[in-house]
Amino acid sequence: MNNSVKTDDIIFNFFKQICDEKNDKKCVDLGNEWIKAMESNLNNMEKNLDEKDKIKYKDDIQSNRIHLNNLKGNNSSEWREYATKCMIEILDNKV
């Protein structure tokens, strides 16, 4: 099993946890933790890019930041719906 499959499994399980969480506050908290983790990943990736790649990936990074900002303030129903869509996408892209 390659590393990307393991990563997909971890992400899938995290989104499943969001979907399965019965407590609405905990569900929202999990979603907000997802945002924080992804923002941290973007910051680290951007920090490690050389200037040429920063320019090359500027729009992609900005698009991801906008996507994450749009998730802020989601309620539990919105998080469950988002997590479900992400899980479906992961399954659709499994090799």
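Because the structure is predicted, anything quoted here is derived from the model rather than measured. (Residues numbered from 1 in each chain as written. Predicted model: local features only at pLDDT ≥ 70, side-chain atom pairs only at ≥ 80, totals over all residues. Heavy atoms only, no water.)

Asker: I'd like to hear about the pattern of salt bridges, residue by residue, with values.
Answerer: When charged atoms on two side chains of opposite charge get close, those side chains can pair. In the structure shown here, the tally under the stated rule is nine salt bridges. Its salt-bridge partner being D9, residue K94 comes within 2.6 Å of it at the nearest N-O pair. Here D9 lies in helix α1 (residues 3-20) and K94 lies in the segment after α5 (76-92), a separation of 85 residues in the sequence. A relative accessible area of 34% places K94 in the partly exposed class. Classification of D9 by relative accessible area gives partly exposed; the value is 26%. (Salt bridge = Lys/Arg side-chain N within 4 Å of Asp/Glu carboxyl O. Helix = DSSP H or I, 4+ residues; strand = E, 2+ residues; numbered from the N terminus. Buried < 20%, exposed > 50% of the residue type's maximum accessible area, 1.4 Å probe, protein only.)

Asker: Give a detailed account of the packing of aromatic side chains, specifying residues and quantitative values.
Answerer: Taken as a whole, this structure holds five aromatic pairs when the rule is applied. With centroids separated by 4.6 Å and ring planes inclined at 55°, the aromatic side chains of F15 and W34 adopt a geometry described as tilted. Of this pair, F15 sits in helix α1 while W34 sits in helix α2 (residues 24-48), placing them 19 residues apart in sequence. Like F15, the residue W34 is buried in the burial classification. Between W79 and Y82, the aromatic rings sit 5.7 Å apart at their centres with planes inclined by 85°, giving edge-to-face as the arrangement. Of the two residues, W79 and Y82 both sit in helix α5, three residues apart, roughly one turn of that helix. In this pair, the class of W79 matches that of Y82, namely buried. (Phe/Tyr/Trp six-rings, centres within 6.5 Å; stacked < 30°, edge-to-face > 60°.)

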